[in-house]
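Summary of structural features
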Amino acid sequence: MNGGIGLDRLSLNQATVKRLGLREAVELCVRHEIPAIGLWRDRVAEAGLAEAAAVVRASGLRVSSLCRGGFFTAADPDGRRAALTDNLAALTEAAELGTDTLVLVCGGLPPGQRDLGLARRMIADAIGSLVPRALALGVRLGIEALHPMFCADRCVISSLGEAVDLAVLFPADAVGVVVDTYHVWWDARLAGEIARAGRRIVSFQVCDWVLPLPADTLLGRGHLGDGCIDFGAVAAAVTAAGYDGDVEVEIFNADVWDAPPDQTAATVRERFAAALGGCAGVRSGGGGGPRRPA
(Lines give C-alpha, C1' and ligand atoms only; values in the text may rest on other atoms or scores of the structure.)
Protein backbone atom coordinates (compact mmCIF):
# COMPACT_ATOMS: atom_id res chain seq x y z
CA MET A 1 0.00 0.00 0.00
CA ASN A 2 0.98 3.61 -0.44
CA GLY A 3 -0.71 6.94 0.08
CA GLY A 4 -1.30 7.89 -3.52
CA ILE A 5 0.30 8.65 -6.86
CA GLY A 6 3.76 10.16 -6.53
CA LEU A 7 5.36 12.96 -8.51
CA ASP A 8 7.61 10.32 -10.09
CA ARG A 9 4.59 9.50 -12.29
CA LEU A 10 3.72 13.08 -13.23
CA SER A 11 3.69 13.95 -16.92
CA LEU A 12 3.13 17.41 -18.36
CA ASN A 13 1.03 17.23 -21.49
CA GLN A 14 2.40 19.76 -23.95
CA ALA A 15 -1.05 21.29 -24.46
CA THR A 16 -0.88 22.70 -20.92
CA VAL A 17 1.94 25.01 -22.04
CA LYS A 18 0.63 25.53 -25.54
CA ARG A 19 2.76 28.59 -26.31
CA LEU A 20 6.05 26.68 -25.91
CA GLY A 21 7.87 24.83 -28.64
CA LEU A 22 9.00 21.28 -28.05
CA ARG A 23 12.51 22.07 -26.84
CA GLU A 24 11.20 24.77 -24.49
CA ALA A 25 8.58 22.42 -23.05
CA VAL A 26 11.19 19.71 -22.50
CA GLU A 27 13.50 22.19 -20.77
CA LEU A 28 10.60 23.33 -18.58
CA CYS A 29 9.95 19.76 -17.43
CA VAL A 30 13.62 19.22 -16.64
CA ARG A 31 13.80 22.49 -14.72
CA HIS A 32 10.78 21.55 -12.56
CA GLU A 33 11.70 17.88 -12.12
CA ILE A 34 8.69 16.65 -14.05
CA PRO A 35 9.87 13.25 -15.31
CA ALA A 36 7.61 12.76 -18.34
CA ILE A 37 6.00 14.71 -21.13
CA GLY A 38 3.02 14.11 -23.42
CA LEU A 39 3.84 15.36 -26.92
CA TRP A 40 1.67 16.81 -29.67
CA ARG A 41 2.24 16.06 -33.31
CA ASP A 42 2.12 19.67 -34.51
CA ARG A 43 4.96 20.64 -32.17
CA VAL A 44 6.91 17.52 -33.14
CA ALA A 45 6.50 18.42 -36.82
CA GLU A 46 7.57 21.99 -36.12
CA ALA A 47 10.81 20.75 -34.54
CA GLY A 48 11.28 17.88 -37.00
CA LEU A 49 10.73 14.28 -35.95
CA ALA A 50 14.41 13.29 -35.71
CA GLU A 51 15.30 16.45 -33.79
CA ALA A 52 12.33 16.07 -31.46
CA ALA A 53 13.27 12.48 -30.67
CA ALA A 54 16.88 13.48 -30.05
CA VAL A 55 15.91 16.35 -27.74
CA VAL A 56 13.66 14.13 -25.63
CA ARG A 57 16.20 11.31 -25.43
CA ALA A 58 18.94 13.71 -24.37
CA SER A 59 16.71 15.15 -21.63
CA GLY A 60 16.03 11.79 -20.00
CA LEU A 61 12.28 12.42 -19.99
CA ARG A 62 9.78 9.67 -20.66
CA VAL A 63 7.25 10.32 -23.42
CA SER A 64 3.94 9.30 -21.88
CA SER A 65 1.90 9.62 -25.10
CA LEU A 66 1.64 11.24 -28.49
CA CYS A 67 -1.45 13.31 -29.31
CA ARG A 68 -3.12 12.75 -31.54
CA GLY A 69 -4.45 10.40 -34.15
CA GLY A 70 -8.04 9.77 -35.15
CA PHE A 71 -10.57 11.93 -37.00
CA PHE A 72 -11.69 8.94 -39.02
CA THR A 73 -15.16 10.14 -40.03
CA ALA A 74 -14.63 12.08 -43.25
CA ALA A 75 -17.70 12.13 -45.48
CA ASP A 76 -15.92 10.82 -48.60
CA PRO A 77 -13.66 7.82 -49.26
CA ASP A 78 -10.69 10.01 -50.20
CA GLY A 79 -10.91 11.80 -46.87
CA ARG A 80 -11.06 8.52 -44.97
CA ARG A 81 -8.05 7.17 -46.88
CA ALA A 82 -6.14 10.36 -46.07
CA ALA A 83 -7.00 9.94 -42.38
CA LEU A 84 -5.74 6.36 -42.46
CA THR A 85 -2.47 7.46 -44.05
CA ASP A 86 -2.05 10.19 -41.45
CA ASN A 87 -2.67 7.76 -38.60
CA LEU A 88 -0.13 5.29 -39.97
CA ALA A 89 2.36 8.16 -39.98
CA ALA A 90 1.38 9.02 -36.40
CA LEU A 91 2.14 5.46 -35.29
CA THR A 92 5.59 5.70 -36.84
CA GLU A 93 6.16 9.03 -35.10
CA ALA A 94 5.13 7.59 -31.74
CA ALA A 95 7.58 4.71 -32.10
CA GLU A 96 10.40 7.07 -33.08
CA LEU A 97 9.66 9.30 -30.07
CA GLY A 98 9.79 6.35 -27.70
CA THR A 99 6.19 6.22 -26.55
CA ASP A 100 3.92 3.20 -26.67
CA THR A 101 0.67 5.22 -26.75
CA LEU A 102 -1.01 7.14 -29.57
CA VAL A 103 -4.10 8.97 -28.31
CA LEU A 104 -7.08 8.87 -30.67
CA VAL A 105 -9.76 11.54 -30.94
CA CYS A 106 -11.91 9.48 -33.22
CA GLY A 107 -14.06 12.05 -35.01
CA GLY A 108 -17.57 13.48 -34.90
CA LEU A 109 -20.46 13.17 -37.30
CA PRO A 110 -19.43 13.26 -40.96
CA PRO A 111 -20.36 16.60 -42.54
CA GLY A 112 -24.02 16.57 -43.56
CA GLN A 113 -24.77 13.36 -41.63
CA ARG A 114 -26.84 12.60 -38.54
CA ASP A 115 -26.23 8.86 -38.40
CA LEU A 116 -24.24 8.15 -35.24
CA GLY A 117 -24.14 4.45 -36.01
CA LEU A 118 -22.50 5.11 -39.37
CA ALA A 119 -19.86 7.32 -37.76
CA ARG A 120 -19.09 4.68 -35.14
CA ARG A 121 -18.77 1.97 -37.80
CA MET A 122 -16.31 4.18 -39.71
CA ILE A 123 -14.21 4.47 -36.56
CA ALA A 124 -14.23 0.73 -35.90
CA ASP A 125 -13.23 0.00 -39.49
CA ALA A 126 -10.40 2.53 -39.38
CA ILE A 127 -9.01 1.24 -36.11
CA GLY A 128 -9.11 -2.30 -37.47
CA SER A 129 -7.02 -1.16 -40.43
CA LEU A 130 -4.40 0.32 -38.08
CA VAL A 131 -4.07 -2.69 -35.78
CA PRO A 132 -1.43 -4.60 -37.79
CA ARG A 133 0.88 -1.58 -37.90
CA ALA A 134 0.28 -0.83 -34.22
CA LEU A 135 1.24 -4.39 -33.28
CA ALA A 136 4.32 -4.30 -35.49
CA LEU A 137 5.57 -1.08 -33.88
CA GLY A 138 4.56 -1.87 -30.30
CA VAL A 139 2.40 1.26 -30.09
CA ARG A 140 -1.08 1.06 -28.60
CA LEU A 141 -4.01 3.02 -29.98
CA GLY A 142 -5.73 4.78 -27.08
CA ILE A 143 -9.42 5.45 -27.75
CA GLU A 144 -10.37 8.58 -25.84
CA ALA A 145 -14.01 9.08 -24.96
CA LEU A 146 -14.92 12.78 -25.11
CA HIS A 147 -17.64 14.53 -23.13
CA PRO A 148 -21.03 14.31 -24.92
CA MET A 149 -20.97 18.03 -25.75
CA PHE A 150 -18.25 17.21 -28.30
CA CYS A 151 -20.15 14.35 -29.94
CA ALA A 152 -21.19 16.21 -33.09
CA ASP A 153 -17.87 17.72 -34.08
CA ARG A 154 -15.03 15.87 -32.34
CA CYS A 155 -15.87 12.37 -31.12
CA VAL A 156 -18.97 10.18 -31.29
CA ILE A 157 -17.47 7.97 -28.57
CA SER A 158 -18.96 9.75 -25.56
CA SER A 159 -18.45 7.46 -22.58
CA LEU A 160 -15.72 5.21 -21.29
CA GLY A 161 -18.07 2.25 -21.65
CA GLU A 162 -18.41 2.93 -25.39
CA ALA A 163 -14.64 3.20 -25.68
CA VAL A 164 -14.14 -0.13 -23.90
CA ASP A 165 -16.81 -1.79 -26.08
CA LEU A 166 -14.86 -0.68 -29.14
CA ALA A 167 -11.41 -1.51 -27.79
CA VAL A 168 -12.28 -5.12 -26.89
CA LEU A 169 -12.96 -5.88 -30.55
CA PHE A 170 -9.20 -5.78 -31.08
CA PRO A 171 -6.05 -7.24 -29.45
CA ALA A 172 -5.20 -5.68 -26.10
CA ASP A 173 -1.61 -5.12 -27.20
CA ALA A 174 -2.86 -2.87 -30.01
CA VAL A 175 -5.95 -1.04 -28.76
CA GLY A 176 -6.83 0.40 -25.37
CA VAL A 177 -8.62 3.35 -23.82
CA VAL A 178 -7.69 6.71 -22.36
CA VAL A 179 -9.24 7.80 -19.07
CA ASP A 180 -9.42 11.61 -19.09
CA THR A 181 -11.09 13.01 -15.99
CA TYR A 182 -12.41 16.06 -17.84
CA HIS A 183 -14.41 13.91 -20.24
CA VAL A 184 -15.66 11.07 -18.02
CA TRP A 185 -15.97 12.36 -14.44
CA TRP A 186 -19.75 12.77 -14.71
CA ASP A 187 -20.49 9.12 -15.60
CA ALA A 188 -22.42 7.13 -12.97
CA ARG A 189 -20.95 3.94 -14.46
CA LEU A 190 -17.37 5.20 -14.40
CA ALA A 191 -15.94 3.03 -11.63
CA GLY A 192 -17.34 -0.13 -13.17
CA GLU A 193 -16.13 0.76 -16.65
CA ILE A 194 -12.63 1.55 -15.36
CA ALA A 195 -12.57 -1.88 -13.71
CA ARG A 196 -13.80 -3.49 -16.94
CA ALA A 197 -11.11 -1.70 -18.93
CA GLY A 198 -8.36 -3.18 -16.76
CA ARG A 199 -5.12 -3.52 -18.72
CA ARG A 200 -6.79 -1.74 -21.65
CA ILE A 201 -6.11 1.58 -19.89
CA VAL A 202 -3.18 3.03 -21.81
CA SER A 203 -3.26 6.61 -20.51
CA PHE A 204 -4.64 8.50 -17.53
CA GLN A 205 -5.10 12.24 -18.08
CA VAL A 206 -6.22 14.73 -15.45
CA CYS A 207 -7.50 18.28 -15.26
CA ASP A 208 -10.50 19.86 -13.56
CA TRP A 209 -13.99 20.82 -14.77
CA VAL A 210 -14.38 24.53 -14.09
CA LEU A 211 -17.57 26.62 -14.14
CA PRO A 212 -18.76 28.75 -15.75
CA LEU A 213 -17.85 27.18 -19.07
CA PRO A 214 -16.24 29.61 -21.51
CA ALA A 215 -17.76 30.39 -24.89
CA ASP A 216 -15.28 27.93 -26.40
CA THR A 217 -16.19 24.95 -24.25
CA LEU A 218 -13.00 23.13 -25.26
CA LEU A 219 -11.12 25.59 -23.04
CA GLY A 220 -13.17 24.96 -19.89
CA ARG A 221 -10.45 23.03 -18.08
CA GLY A 222 -8.57 24.04 -14.96
CA HIS A 223 -5.75 23.10 -12.65
CA LEU A 224 -6.51 20.21 -10.30
CA GLY A 225 -8.54 21.58 -7.41
CA ASP A 226 -10.05 24.52 -9.29
CA GLY A 227 -13.29 22.70 -10.11
CA CYS A 228 -15.57 19.88 -9.05
CA ILE A 229 -13.89 16.58 -9.98
CA ASP A 230 -13.22 13.98 -7.27
CA PHE A 231 -9.73 12.96 -8.39
CA GLY A 232 -9.17 10.61 -5.50
CA ALA A 233 -12.05 8.35 -6.47
CA VAL A 234 -11.05 8.20 -10.14
CA ALA A 235 -7.37 7.65 -9.35
CA ALA A 236 -8.23 4.87 -6.91
CA ALA A 237 -10.32 3.11 -9.56
CA VAL A 238 -7.66 3.48 -12.26
CA THR A 239 -4.95 2.19 -9.95
CA ALA A 240 -7.07 -0.73 -8.76
CA ALA A 241 -7.62 -1.63 -12.43
CA GLY A 242 -3.86 -2.15 -12.75
CA TYR A 243 -2.68 1.05 -14.38
CA ASP A 244 0.69 2.18 -13.03
CA GLY A 245 1.95 4.39 -15.85
CA ASP A 246 2.43 8.11 -16.12
CA VAL A 247 -0.40 10.51 -15.27
CA GLU A 248 -0.67 13.45 -17.66
CA VAL A 249 -1.86 16.89 -16.66
CA GLU A 250 -3.56 18.20 -19.81
CA ILE A 251 -5.19 21.63 -19.51
CA PHE A 252 -6.88 23.59 -22.30
CA ASN A 253 -7.43 27.04 -20.82
CA ALA A 254 -6.58 30.45 -22.29
CA ASP A 255 -5.58 31.91 -18.92
CA VAL A 256 -3.27 28.98 -18.19
CA TRP A 257 -1.72 29.35 -21.64
CA ASP A 258 -1.11 33.05 -21.02
CA ALA A 259 0.48 32.50 -17.59
CA PRO A 260 4.28 32.30 -17.26
CA PRO A 261 5.22 28.68 -18.06
CA ASP A 262 7.37 28.31 -14.95
CA GLN A 263 4.40 29.40 -12.84
CA THR A 264 2.21 26.84 -14.61
CA ALA A 265 4.72 24.04 -14.09
CA ALA A 266 5.05 24.87 -10.39
CA THR A 267 1.27 24.92 -10.00
CA VAL A 268 0.95 21.60 -11.85
CA ARG A 269 3.38 19.94 -9.44
CA GLU A 270 1.76 21.46 -6.36
CA ARG A 271 -1.80 20.58 -7.35
CA PHE A 272 -0.85 17.07 -8.53
CA ALA A 273 0.71 16.32 -5.15
CA ALA A 274 -2.30 17.76 -3.31
CA ALA A 275 -4.98 16.03 -5.39
CA LEU A 276 -3.33 12.67 -6.09
CA GLY A 277 -0.49 12.29 -3.62
CA GLY A 278 -2.73 11.24 -0.78
CA CYS A 279 -5.66 9.64 -2.57
CA ALA A 280 -7.57 7.38 -0.21
CA GLY A 281 -7.74 3.86 -1.58
CA VAL A 282 -5.00 4.27 -4.17
CA ARG A 283 -2.74 1.24 -4.27
CA SER A 284 0.59 0.64 -5.90
CA GLY A 285 -0.30 -0.73 -9.31
CA GLY A 286 0.42 -4.05 -10.93
CA GLY A 287 -0.22 -5.31 -14.41
CA GLY A 288 0.06 -2.02 -16.25
CA GLY A 289 3.66 -2.72 -17.18
CA PRO A 290 6.58 -0.33 -17.21
CA ARG A 291 6.55 2.67 -19.49
CA ARG A 292 8.97 2.35 -22.35
CA PRO A 293 11.89 4.78 -21.88
CA ALA A 294 12.18 7.74 -24.26
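For every chain, the first residue of the written sequence is number 1, and numbering continues from 1 onward in sequence order. Given that this is a predicted model, residues contribute local features only at a pLDDT of at least 70 and side-chain atom pairs are listed and counted only at 80 or more, while totals for whole chains, interfaces and linings are drawn from all residues. Side-chain calculation: all heavy atoms of the structure are included, whereas hydrogens and water are not.

Some thoughts on the packing of aromatic side chains
Working definition: rings of Phe, Tyr and Trp (its six-membered ring) pair if their centres are within 6.5 Å, and the pair is stacked with planes under 30 degrees apart, edge-to-face with planes over 60 apart, and tilted otherwise. This structure, assessed with the given rule, holds 4 aromatic pairs. Where F252 meets W257, the ring centres are 6.1 Å apart and the plane angle is 65°; that geometry is what we call edge-to-face. In this structure, F252 and W257 share a single accessibility class: buried. A simple rule labels every residue: compare its accessible area, found with a 1.4 Å probe on the protein chains alone, to the largest value its type can have, and call it buried under 20%, exposed over 50%, or partly exposed in between.

Re the pattern of salt bridges
A pair is scored as a salt bridge if a Lys or Arg side-chain nitrogen falls within 4 Å of a carboxyl oxygen belonging to Asp or Glu. Going through the model one piece at a time under the given rule, you end up with 16 salt bridges. Across the pair R120 and E162 runs a salt bridge, and its minimum N-O distance is 3.4 Å. Of the two residues, R120 is situated in helix α5 (residues 116-137) and E162 in helix α6 (residues 160-167); the sequence distance between them amounts to 42 residues. A relative accessible area of 29% means that R120 is categorised as partly exposed. With a relative accessible area of 25%, E162 lands in the partly exposed category. Secondary structure elements are taken from DSSP: a helix is a run of H or I of four residues or more, a strand is a run of E of two residues or more, and numbering for both begins at the N terminus.

Notes on the environment of G70
Residue position: G70 is located in strand β3 (residues 62-70). In this structure, the C-alpha to C-alpha distance between G70 and R23, residues 47 residues apart in sequence, is 25 Å. We call two residues contacting when some pair of their heavy atoms lies within 4.5 Å. Residue contacts for G70: discarding those within four places in its chain leaves A83, N87, L104, V105 and C106.

With respect to the confidence of the model for the protein chain
Per-residue confidence for the protein chain gives a mean pLDDT of 93, with 94% of residues at or over 70. A low-confidence stretch, residues 280-294 stays under pLDDT 50, and its non-local contacts, those more than four residues away or across chains, total 48 contacts. As a per-residue measure, pLDDT reflects the predictor's confidence and takes values from 0 up to 100.

What about the nonpolar core?
We define a nonpolar core as any set of buried Ala, Val, Leu, Ile, Met, Phe, Trp, Tyr and Cys residues linked to one another through side-chain atoms lying within 4.5 Å. Within the largest apolar cluster, 95 residues are counted, with the highest numbers of intra-cluster contacts made by I127, I143, I194 and F204. By residue number, the principal contributor to this core is α5, which donates 8 residues. For I127, the residues in contact, after removing those within four places along its chain, are F72, L104, L141, I143, L166, F170 and V175.

Points about the sheet that holds strand β5 (residues 140-144)
Pairing between strands requires that DSSP locate at least two bridges from one strand to the other. In spatial order, the strands read β1-β2-β3-β4-β5-β6-β7-β10; together these 8 strands close into a barrel with parallel pairing. Taken over all neighbouring pairs, the strand axes of this sheet differ in orientation by 30° on average, direction set aside. Pairing between strand β4 (residues 101-105) and β5: 4 bridges, direction parallel. If you follow T101 over to β5, its bridge partner there is R140. For helices, the fitted axis covers only the stretch in contact; all axes are lines through C-alpha atoms, and the angles between them, taken along N-to-C directions, range from 0 to 180 degrees. On top of the sheet, helix α1 (residues 22-31) reaches β1 (10-13) and β2 (36-40); it is set at about 165° to β2, its chief contact. Against the sheet, helix α4 (residues 77-97) touches β2, β3, β4 and β5, its axis set at about 175° to β3.

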